[in-house]
Amino acid sequence: MIPIRLRSETPGSWAARVTAKENLPAFVADHAVCELQASVQALSLVGTYPRNAALVDRLSALAAEELRHFRRVSREARRLGAPMLTTRRNFYVAELRAACRKEREPDKGLDLLLVAALIEARSHERFERLLGHVTDPRLAKLYAELADAEARHGPVYLQLAVAHAGEEAALLRLDELLDVEARALARPPKVEIAVHGAA
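Criteria and thresholds
- Residues numbered from 1 in each chain as written.
- Predicted model: local features only at pLDDT ≥ 70, side-chain atom pairs only at ≥ 80, totals over all residues.
- Heavy atoms only, no water.
- Core = buried A, V, L, I, M, F, W, Y, C linked by side-chain atoms within 4.5 Å.
- Buried < 20%, exposed > 50% of the residue type's maximum accessible area, 1.4 Å probe, protein only.
- Helix = DSSP H or I, 4+ residues; strand = E, 2+ residues; numbered from the N terminus.
- Contact = heavy atoms within 4.5 Å.
- Axes fitted to C-alpha atoms, helices over the stretch in contact; angles between N-to-C directions.
- Parallel < 35°, antiparallel > 145°, perpendicular 65-115°, else oblique.
- Left-handed = near helix turned anticlockwise from the far one by under 90°.
- Expected span 1.5 Å × (residues − 1).
- Polar contact = N/O pair within 3.5 Å; in protein donor to acceptor, adjacent residues only side chain to side chain.

If you look at the biggest cluster of nonpolar residues, it comprises 34 residues, and the most contacted ones within it are Leu-45, Leu-55, Leu-59, Leu-113 and Tyr-157. At the level of elements, helix 2 (24-48), helix 3 (53-79), helix 4 (91-98), helix 5 (107-130), helix 6 (137-165) and helix 7 (167-186) are the ones that each hand at least two residues to this core. Ranked by residues supplied to this core, first place goes to helix 5 with nine residues. Setting aside residues no more than four positions away along its own chain, Leu-55 makes contact with Leu-45, Val-46, Tyr-49, Ser-60, Leu-113 and Leu-160.

Below, the structure written as structure tokens:
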């Protein structure tokens with residue numbers, strides 16, 4: 001299977017900052033929105049490619065899992081007293097999606113699936129970074145479990161991307177999008193308390 005080797009590494013200072021007592025509620029609230037958006041994105045792909053049985057089966061299951069994560073994380077956000085976000089711009093995701101080709105297949109589907117794989121890979125990397133920094137026992141357990149889930153999700157999207165456009169095309173485009181991902185991660189405001197905020 002094609003590995004996803006991200007081109008930047010989140011420093012421990014990011015984890016220390018977002019898990020600080022004054023920042024943790026906002027971070028967990030942002031994370032809840034990310035889980036909801038991940039579920040919506042998976043279902044959007046199911047709706048776009050309803051004749052692809054493998055995609056429908058795998059992404060509908062993934063969407064259901066993301067929705068369960070949303071419920072768990074939003075519950076924790078409420079416990080911490082964080083208001084649930086109704087609108088917020090994810091600069092990182094927006095930049096990745098702006099790089100997606102939209103004109104024709106299989107390019108369109110390949111890019112959407114690869115971008116989803118990269119978002120999941122980065123989320124996995126960030127949740128791994130949180131381990132050891134989250135002192136709240138309930139949250140520490142939750143983030144350990146979610147790190148394991150994110151580790152599974154990236155490969156699901158990557159396998160579907162390969163099936164959609166072939167391994168050679170997927171490898172070439174993944175290489176290009178890895179550069180986009182690294183740039184996108186560096187561009188959000190430095191003060192942003194968010195899962196995909198800049199380190």
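Between helix 4 and helix 5, the least distance of the axes is 10 Å, while the angle of their chain directions is 155°. One element, helix 4, and the other, helix 5, form an angle in the roughly antiparallel class. The element helix 4 and its partner helix 5 pack so that their crossing is right-handed. Every residue of helix 5 that contacts helix 4 at Tyr-92, Val-93, Leu-96 and Arg-97 is listed here: Val-115, Leu-118, Ile-119 and Arg-122.

With 29 residues, helix 6 should cover 42 Å at 1.5 Å per step; its first-to-last C-alpha distance of 43 Å lies within 8% of that length. Measuring from the side-chain oxygen of the N-cap residue of helix 6 to the backbone nitrogen of Arg-138 gives 3.0 Å; that N-cap residue is Asp-136.

What follows concerns helix 5. Between its first and last C-alpha atoms helix 5 spans 35 Å; for 24 residues at 1.5 Å apiece the expected length is 34 Å, and the two agree. A large share of helix 5 lies buried, amounting to 20 of its 24 residues.

By themselves, these are just geometric observations and shouldn't be taken as functional.
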